[in-house]
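Working through the structure, step by step
Listed here are the chains, written in short residue letters.
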Amino acid sequence: MLRLIATSLCLRCQHVPLLLSNLRACSTLGSVENQQTVEALYELSVDIQKVRKLKGWVLHQSPAYTKEVASLLRDMGASTPIIAHILAVHPEAVLCNSEQLQAQQELWMSVCPNHRELIGIIEKFPASFFSASSHLENQRKNIAYFQSLNLNKRIITKLMASAPQSFSRPVEQNQLMVCTLQQAYTELGGDEANMRIWLQKLLSQNPFVLLKPPEVLRQNLLFLKDKGFTTSELLRLLSKLRGFVTELNPDSMCRTLAFSQETIGCSDAELREIILKCPALLYHPESTLAERFEGLLSAGISMSQIIQTPTILELTTQIINYRIHLLKSRGYDVSTGSLDVINGTKKDFEMNFGKLQLRRERPLFNPVAPLKGDD
């Protein structure tokens, strides 16, 4: 889900830059490639065919600063293969001149602890580092704002890397969303002493929350309040949803809640308890929930077991069937046992499965059996 949300947001927020790129590509369509750029990329072992296929327009641009970009990355500790990878996936980097590169390096080093970590970020998020010079002033103001909130530098770095659009826009927009989140937290009874930690955790779990209109948050919280959730329960939901409350809308939640209640056959109060244990029921579409309910029931799991451990609905049917198959091979009956052994992350399951296997292999100690001694 997060990947889908991130992709849609990126496409929406980068619409204008992409338009400019397309116009630039069209304007150079008939020109020949910049041979200096091509040769410099060859020397760095960059996959030129990949560049031509995905972003060939870059090779037609002049001037280009391939050697300067490579030199900067090398000075920060990047190896030749890493430089080649960065320029292959984001060849636009060669269009940044030395002044731009220096300004971005200084900007990022104001929140990044060392060059090694910065190279790691550039390798994963090259577009975030090689951004347009027109965004520099907004980036500086946004960094100063988040620092004024006493957020951890690593969190600010993560925000810059994974949601660069929130730093390229005017700082007032981020201030408005952060204030809305803080206001919601206090109005729902949150402890002001813990607000910084709460906000920091929420932003790290979903950086794209900053890009949503504040009104969306207010509307969703009002909808849930009308459904009978108390202020303390709403605060729990807001924290458990990890910022994804801004990805919801009243219409979709209404349909999902109605479907879940009809399928489970529970009261409004019981449904609220289930939602508090498994907020995923709020954002999964009916088709996904229908498939997961059907998969669990067909595997011999009862509805009462699902109600007791609703977080099992966060797992796909494929994962559930695979885990049940492994458990059956060890003689574990999911229809009578606890679903806790199936539930959780891959690491959780492997740990539970290992404990189950260990219990089967370990001989039981009989306290009344005579001890063997020396004759």
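Scoring rules and cut-offs
- Residues numbered from 1 in each chain as written.
- Predicted model: local features only at pLDDT ≥ 70, side-chain atom pairs only at ≥ 80, totals over all residues.
- Heavy atoms only, no water.
- Helix = DSSP H or I, 4+ residues; strand = E, 2+ residues; numbered from the N terminus.
- Phe/Tyr/Trp six-rings, centres within 6.5 Å; stacked < 30°, edge-to-face > 60°.
- Buried < 20%, exposed > 50% of the residue type's maximum accessible area, 1.4 Å probe, protein only.
- Axes fitted to C-alpha atoms, helices over the stretch in contact; angles between N-to-C directions.
- Parallel < 35°, antiparallel > 145°, perpendicular 65-115°, else oblique.
- Contact = heavy atoms within 4.5 Å.
- Nonpolar A, V, L, I, M, F, W, Y, C, P; charged D, E, K, R; others polar.
- Salt bridge = Lys/Arg side-chain N within 4 Å of Asp/Glu carboxyl O.

What follows covers unusual backbone geometry. Between Ser62 and Pro63 the backbone carries a cis peptide bond, its omega angle lying at 5°. As for its placement among the helices and strands, Pro63 is situated in the loop between α4 (48-55) and α5 (66-75). Not every positive phi belongs to a glycine, and Ser45 is a case in point at roughly 65°. Relative to the helices and strands, Ser45 resides in the loop between α3 (35-43) and α4. A positive phi is found at Asn150, a non-glycine position, where the angle reads about 60°. Mapped onto the elements, Asn150 comes out in the loop between α10 (136-148) and α11 (153-162).

In this section: the packing of aromatic side chains. Scanning the model with the defined rule gives six aromatic pairs in all. Summarising the aromatic geometry, the rings of Phe129 and Phe130 are spaced 4.9 Å apart at their centres and angled 85° between planes, so their arrangement reads as edge-to-face. Judged on exposure class, the residue Phe129 and its partner Phe130 are both buried. With 5.4 Å between their ring centres and 55° between their planes, Tyr145 and Phe146 make a pair best called tilted. You can call Tyr145 buried: its relative accessible area is 11%. These aromatic residues form a ring-pair network of at least three members: Trp108, Phe129 and Phe130.

Contact geometry of α4 with helix α6 (residues 80-89) gives a least axis separation of 9 Å together with a crossing angle of 20°. As summarised for this structure, α4 and α6 are arranged roughly parallel, according to the angle between their axes. Between α4 and α6, the residues in contact are Lys50, Val51 and Lys55 and Leu87, Ala88 and Val89, respectively. When grouped by side-chain class, the residues that make up the contact of α4 with α6 number four nonpolar, no polar and two charged.

To continue, consider the pattern of salt bridges. Applying the stated criterion to the full structure yields seven salt bridges. Glu117 is the salt-bridge partner of Arg154, the closest N and O atoms lying 2.8 Å from each other. Pair noted here: Arg154 is in helix α11 and Glu117 is in helix α8 (residues 115-124), with a separation of 37 residues, a long-range link. On the basis of relative accessible area, Glu117 is assigned to the partly exposed category, the value being 23%. Of the charged contacts, one joins Arg140 and Glu137 as a salt bridge, the two residues approaching to 3.9 Å between their closest N and O atoms. Of the two residues, Arg140 and Glu137 are both situated in helix α10; the distance of three residues between them amounts to about one turn of the helix. Note on Arg140: relative accessible area 40%, which makes it partly exposed.

Here we come to the side chain of Thr309. Along the chain, Thr309 turns up in the loop between α21 (303-308) and α22 (317-328). Those residues within four positions of Thr309 in sequence are excluded, and the remaining contacts are Leu339, Asp340 and Asn343.

Another aspect to go through is the environment of Gln61. Looking at the element boundaries, Gln61 is found in the loop between α4 and α5. Distance in space between the C-alpha atoms of Gln61 and Ser31 is 9.1 Å, their sequence separation being 30 residues.

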